[in-house]
Amino acid sequence: MTANPVEPAARQPIIPASQENPKSMAWGNPAYLASGVLAVLLAVNWWSSQNQIASLREEVARRLLSADTNSSETKVLARNVQETTKEVQSKVILLEGKQSEAQSQQLALEQLYQDLSRNRDDWALAEIEQVLATASQQLQLAGNVQGALIALQNADGRLAKSEKPQFISIRRAIAKDIERLKSLPALDLPGVALRLDSVIAQIDHIPLWADEKSVVSATPPKAPLRVLPKSLPKSLPKSLPGTKTVTQPAEEIEENTWSMRLQDAWQSFSSEMWNEVRQLIRVRNVETPDVLLLSPTQSYFARENLKLRLLNARLALLSRNENIFRSDMIAAQDAIAKYFDTRAKQTQTVQALLRQVQGSNLSIEMPTLAESLNAVRNYKVKP
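Parameters at a glance
Residues numbered from 1 in each chain as written. Predicted model: local features only at pLDDT ≥ 70, side-chain atom pairs only at ≥ 80, totals over all residues. Heavy atoms only, no water. Helix = DSSP H or I, 4+ residues; strand = E, 2+ residues; numbered from the N terminus. Buried < 20%, exposed > 50% of the residue type's maximum accessible area, 1.4 Å probe, protein only. Areas by Shrake-Rupley, 256 points an atom, 1.4 Å probe, with all protein chains shown as cover. Patch = residues over 30% accessible without salt bridge, like charges linked within 9 Å, V, L, I, M, F, W, Y side chains within 5 Å. Salt bridge = Lys/Arg side-chain N within 4 Å of Asp/Glu carboxyl O. Phe/Tyr/Trp six-rings, centres within 6.5 Å; stacked < 30°, edge-to-face > 60°. Axes fitted to C-alpha atoms, helices over the stretch in contact; angles between N-to-C directions. Parallel < 35°, antiparallel > 145°, perpendicular 65-115°, else oblique. Contact = heavy atoms within 4.5 Å. Core = buried A, V, L, I, M, F, W, Y, C linked by side-chain atoms within 4.5 Å. Expected span 1.5 Å × (residues − 1). Arc of directions from axis to C-beta.

Q: Residue-level account of the overall build of the protein, with values.
A: The helix and strand tally for the protein stands at ten helices and zero strands. Residues classed as buried in the protein amount to 21% of the 383 residues present. A total accessible area of about 28,900 Å² is found for the protein, and carbon and sulfur atoms account for 58% of it.

Q: Please set out a nonpolar patch on the surface residue by residue, giving values where relevant.
A: A surface patch of nonpolar side chains, about 300 Å² in accessible area, is lined by Leu33, Val37 and Leu41. Looking at the secondary structure, you find valine 37 in helix H1 (residues 30-116). Judged by its relative accessible area of 43%, valine 37 falls in the partly exposed class.

Q: So what's going on with the packing of aromatic side chains? Residues and values would help.
A: Taken as a whole and assessed by the stated rule, the structure comprises two aromatic pairs. Each ring, one from tryptophan 266 and one from phenylalanine 269, has its centre 6.2 Å from the other, and the planes form 40°; the classification is tilted. Separated by three residues within a single helix, tryptophan 266 and phenylalanine 269 lie in helix H6 (residues 250-280), roughly one turn from each other. Taking the relative accessible area as the measure of exposure, tryptophan 266 reaches 58% and is therefore exposed. Phenylalanine 269 gets classed as partly exposed once you look at its relative accessible area, which sits at 46%. Centre to centre, the rings of tyrosine 300 and phenylalanine 301 are 5.5 Å apart; their planes meet at 70°, and the pair counts as edge-to-face.

Q: An account of the packing of helix H4 (residues 168-182) against helix H10 (residues 370-381) is needed here, citing residue identities and associated values.
A: Running from N to C, H4 and H10 point in directions that differ by 170°, and their axes come no closer than 8 Å. When the axes of H4 and H10 are compared, the pair comes out roughly antiparallel. Contact residues: H4 offers Ser169, Ile170, Ala173, Ile174, Lys176, Asp177 and Arg180, while H10 offers Glu371, Ser372, Ala375, Val376 and Tyr379.

Q: I'd love a proper account of the pattern of salt bridges, names of residues and values included.
A: Between side chains of opposite charge, pairing is possible as soon as their charged atoms come close. Tallied over the full model, the rule gives 14 salt bridges. The partner of arginine 377 in a salt bridge is glutamate 129, with the nearest N and O atoms 3.0 Å apart. Of this pair, arginine 377 sits in helix H10 while glutamate 129 sits in helix H2 (residues 120-142), and the two are 248 residues apart along the sequence. A residue is classified by how much of its surface remains accessible, and arginine 377, at 37% relative accessible area, is partly exposed. Through salt bridges that share partners, Lys176, Asp177, Arg180 and Glu371 make up one connected network.

Q: I'd like to hear about the side chain of serine 136, residue by residue, with values.
A: Tracing the chain through its elements places serine 136 in helix H2. Serine 136 sits in the buried class, given a relative accessible area of 13%. Those residues in contact with serine 136 that sit more than four places away from it in its chain are Leu369 and Leu373.

Q: Describe the nonpolar core, and please don't skip the residues or the numbers.
A: If you look at the biggest cluster of nonpolar residues, it comprises 24 residues, and the most contacted ones within it are Ile170 and Leu181. Counting residues per element, the ones that place at least two in this core are H2, helix H3 (145-162), H4 and H10. Examining the composition of this core, we find that seven residues originate from one element, H3, more than from any other. Residues in contact with isoleucine 170, not counting those within four places in the same chain, are Leu125, Leu159, Ala375, Val376 and Tyr379. Counting 23 residues, the second largest nonpolar core, distinct from the first, contains Ile206, Ile336, Phe340 and Leu354.

Q: Provide a residue-level description of helix H9 (residues 345-358), including the pertinent values.
A: With 14 residues, H9 should reach 20 Å at 1.5 Å per residue; the first-to-last C-alpha distance of 20 Å fits that figure. Thr347, Val350, Gln351, Leu353, Leu354 and Val357 are the residues of H9 that are buried. The buried side chains of H9 occupy one side of the element, clustering within an arc of 160° when seen end-on. Across from the buried face of H9, at angles greater than 90 degrees, the exposed residues are Lys345 and Arg355. Residues of H9 that are buried in the fold lie against helix H5 (189-202), helix H7 (296-318) and helix H8 (322-339).

Following this line, the structure appears as C-alpha cells:
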C-alpha cells in the first residue's frame, strides 16, 4: 500500500527584482513577509511529508516482509496442526474403542457381580433341587435307595444350617420322603449280582454231557491165596509112638495143592474179566441224546451262550427289569439241565445258586421324591 504524496501548495511566480515595481520593493511590506514565511513553511512541510512517506514505505515494506514470513510460518504451523489433529483424532477413535470395550466389560462385571451377589438361599435351593432331581431319577431307573437317602439327608443338613423358619415346610417334606424310603423292604442287589458273578465264573469248570469220561471203578482186592507147603516128603510115617494118626499118601496131598492153586487163579482171572466187561457197557438215560454229540466248538459256544444269558440277567437285575430277569434265569437253568451233567457236584452247586438268585423279589415299587421337589420349587416361586 502506497500513500499519495501531498501536493505542494501552488507556487506564485517570482518576479525578478529588475521587473519589480520600485514602489513595492519596500522590505517592510507585511504581505511579502507573510508570503515568504508561508513559502518556507510549505517547503518544510513538503520535506517533512516526503520523509514521512519514505519512512512509511519502509515500514510497509518491512511489515509486508514480516507478514510473508509469518504467513509461511503460519502455513507450517497449520500443516503441523493438521497432522497433530489427525493423530489426535486417531487416538480419540482408539480411546473411544477402548472406552466402549471398558464399558462392555464394566457391564459384564456388574452383571457378574449381580449374579454373585444373589441371595445365598436361592443358590442353596437351586443346588438342593438339582441334587434331589438326580436322586429321584436314580431311584426310579436303578432303584438306588441308599443314594436317594444320602441326597435327602444332605439336603436336610444344609437347610438345618441356615436356621431359617421359612425352610420348615421343605424340611418336613424331606423328612416324609426319608421315612418312606427307610420303610422299603431291603433288597440286596449287590449281593445277588455277586452270586451271579460267582455262577458265571464257574461255567467253564462244570462238566458237559459230551465231556463225560469213563469212570474207572476200583478193582476189588484179590482173595488171599492159601499158603501151601513148598515141598512135601514122599512118604509119611503111619503112626507115632503114643498117638493115633491118619496116614495119607504124598501123591494125594500134592494133587489137592495143585487144584487149590488152579481154583485161586481162575477166581482172580474171572473177577478181572468181569470188571473189564462192566466198563465196556454202561446204561444211562438222557432226555436229549443230541447233546452227547457236541463237538468241542459247539461245547465252547454252549458255555458262552450260558454266560451271555447270565450277564443279561445281571443287567436286568441292576436295572430292576423283573420280566427280562426271570426269562433269562429260566433259560439259563434250562440250558444247564440240557447240556451239562447234572449229576456232578459243581453243576448241582451252580443250580442251587441260581435257584437262590431267582427267588429274589424285585417287584418293589419305588417311591418318588416329588413331595420334596415340589416343596423346593414352590418356595422358589414365592415372591
